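Chain by chain, the residues run as shown.
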Amino acid sequence: MNRDSLTVETPAGTVHATAGPRRGDAVVFELGGAMRGSVHVTGTHHPRHWDRFTAVRACLGPVNAYQTTAADDALPRLTRGHTGYRGSLTLYSDVVSRPEVSVYPMETAAGHEPSQKTTATLTAVLRACAEHVMQREDLPAILTASRQRDTPALLRFLDWSVTHHQAEAARLEAEARAARSARRVAVAAWWRAARWFTASPHPVLLVMLADHHGSLSRDVSVMEWLAPYCLTAAGREHDQAHRVRTEAACLRNQQLRWRTRDQNLVSSP
């Protein structure tokens, strides 16, 4: 299983990828044929669920691109070319267990966008390597090791995210209150101008009362729309904060179970 070889048909030609021995949470494929270099595949969380490690991520190069940067001369390249390429692909299952991919934009070592043909080649190789790891018998061990590796950094990010969503919700609620207050002021001003116009019609007053950019009527309309919009957006921010807080709590519970298990293993005779 450790030396499985893949044959991948790509727009640039046939690429051979050979999986080396698993390195903890990662499998590294050496490339041959139409490409040379390596692809690093590891477990990762589902793109829409931070606490569920059910996906795999394939990165161009010999290292996890989300943790460190591969040297330019270590990046994969087409056999007939001299340009190294960066990029990654995440493979996961949707709600009905169909495979889906999320592709991080490919680029050259110099930061340029590859041609469509080259992008298709890189994507095909990454996907083939990811699909192979997803089918491995030791996938559970890979995902567990990846979860243990990523959890501390994820928790720091999720804690920041909760604070960010709460702050955004507070800002939007304050903006809604300000909009309601501004609407009351605009309505009062509109009626005052209307009374003046009734008592003494004048074109300037008519302009103030008409519905156009900068008029009192437009100010009232905008404030009527803005307040509920901000409250709806604030509700979404509160929902996001709750979801992130729940996922962080799940990760912490998993972390506690690992530590308890490890302590029990150490103390066992």
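Each remark here, short or long, concerns the structure printed above.
Keep in mind the model is a prediction, meaning the values are calculated, not measured. (Residues numbered from 1 in each chain as written. Predicted model: local features only at pLDDT ≥ 70, side-chain atom pairs only at ≥ 80, totals over all residues. Heavy atoms only, no water.)

Our next topic: the overall build of the chain. Tallying secondary structure elements over the chain gives 4 helices and 8 strands in all. When its helices and strands are written in sequence order, the chain yields β-β-β-β-β-β-β-β-α-α-α-α. Expressed as a percentage of its 269 residues, the buried residues of the chain come to 40%. Pairs at least 24 residues apart make up 54% of the contacts formed inside the chain by residues separated by at least 6 positions. If you sum the accessible surface of the chain, you get close to 15,100 Å²; carbon and sulfur atoms cover 55% of it. (Helix = DSSP H or I, 4+ residues; strand = E, 2+ residues; numbered from the N terminus. Buried < 20%, exposed > 50% of the residue type's maximum accessible area, 1.4 Å probe, protein only. Contact = heavy atoms within 4.5 Å. Areas by Shrake-Rupley, 256 points an atom, 1.4 Å probe, with all protein chains shown as cover.)

As a further point, take the pattern of salt bridges. Scanning the model with the defined rule gives 12 salt bridges in all. Across the pair Glu131 and Arg127 runs a salt bridge whose closest N-O atoms are separated by 2.8 Å. In this pair, Glu131 and Arg127 both sit in helix H1 (residues 116-134), 4 residues apart, roughly one turn of the helix. By relative accessible area, which is 29% here, Arg127 ends up partly exposed. In this structure, a network of salt bridges that share partners links the residues Arg22, Arg136 and Asp138. (Salt bridge = Lys/Arg side-chain N within 4 Å of Asp/Glu carboxyl O.)

Moving on: the environment of Val63. Relative to the assigned elements, Val63 resides in the loop between strand S5 (55-60) and strand S6 (77-78). For Val63, a relative accessible area of 26% corresponds to the partly exposed category. Apart from the residues lying within four places of it in its own chain, the contact partners of Val63 are His40, Thr68, Thr69 and Ala70.

Let us look at the pairing of S5. The element S5 is largely enclosed, with a buried count of 6 among its 6 residues. Side-chain alternation along S5 places Ala55, Arg57 and Cys59 on one buried face and Val56, Ala58 and Leu60 on a second face that is also buried. In terms of strand pairing, strand S4 (residues 35-44) meets S5 through 6 bridges, oriented antiparallel. Across the sheet, the residue bridging to Thr42 is Arg57, located in S5. Alignment of S5 against strand S7 (residues 85-93), held across 4 bridges, turns out to be antiparallel. Considered in S7, the bridge of Val56 is made with Leu91. (Pairing = 2+ DSSP bridges.)

A word on the packing of aromatic side chains. Under the defined criterion, the tally for this structure stands at 4 aromatic pairs. For the pair Trp50 and Phe157, a centre-to-centre distance of 4.9 Å together with 50° between the ring planes defines the contact as tilted. Within this pair, whereas Trp50 is found in the loop between S4 and S5, its partner Phe157 is found in helix H2 (residues 139-199), the two being separated by 107 residues in sequence. Judged by relative accessible area, Trp50 falls into the partly exposed class, the value being 26%. What makes Phe157 partly exposed here is its relative accessible area of 32%. (Phe/Tyr/Trp six-rings, centres within 6.5 Å; stacked < 30°, edge-to-face > 60°.)

We now examine the layout of surface pockets. What the largest pocket holds in volume is close to 230 Å³. Contributing to the lining of the largest pocket are 14 residues, with Ala65, Tyr66, Arg86, Gly87 and Tyr104 lying nearest its centre. Those elements that place two or more of their residues in the lining of the largest pocket are S7 and strand S8 (99-108). In terms of residue class, the lining of the largest pocket is made up of 8 nonpolar, 4 polar and 2 charged. (1 Å grid on protein atoms, 1.4 Å probe; cavity = no way out; pocket = protein on both sides within 12 Å on 5 of 7 lines; lining within 4 Å. Points joined across faces, edges and corners; volume = space filled by probe spheres on them. Nonpolar A, V, L, I, M, F, W, Y, C, P; charged D, E, K, R; others polar.)

Our next topic: a nonpolar patch on the surface. Together, Val222, Trp225 and Tyr229 make up an exposed nonpolar region whose accessible area comes to about 320 Å². Val222 sits in the partly exposed class, given a relative accessible area of 33%. (Patch = residues over 30% accessible without salt bridge, like charges linked within 9 Å, V, L, I, M, F, W, Y side chains within 5 Å.)

Moving on: the side chain of Arg77. Assignment of secondary structure puts Arg77 in strand S6. Of the side chains with opposite charge, Asp73 comes closest to the buried, unpaired Arg77, at an N-O distance of 6.4 Å. (Lys, Arg positive; Asp, Glu negative; His and termini not counted.)

Position of Leu155 among the secondary structure elements: in helix H2. On the basis of relative accessibility, which here comes to 7%, the residue Leu155 falls in the buried class. Not counting chain neighbours up to four residues away, the residues in contact with Leu155 comprise Ala248, Leu251, Arg252 and Gln255.

For the rest of this paragraph, the subject is the pairing of strand S3 (residues 26-33). Bridge analysis of strand S2 (residues 13-19) against S3 gives 5 bridges, and the strand direction is antiparallel. When the sheet's bridge partners are listed, Thr18 is paired in S3 with Glu30. Hairpin connection of S2 to S3: 6 residues between the antiparallel strands, including Gly24 at a positive phi of 70°. Bridge analysis of S3 against S4 gives 6 bridges, and the strand direction is antiparallel. Note that in S4 the partner of Val27 across the bridge is Val41. Linking S3 back to S4 in an antiparallel pair, the connection comprises 1 residue.

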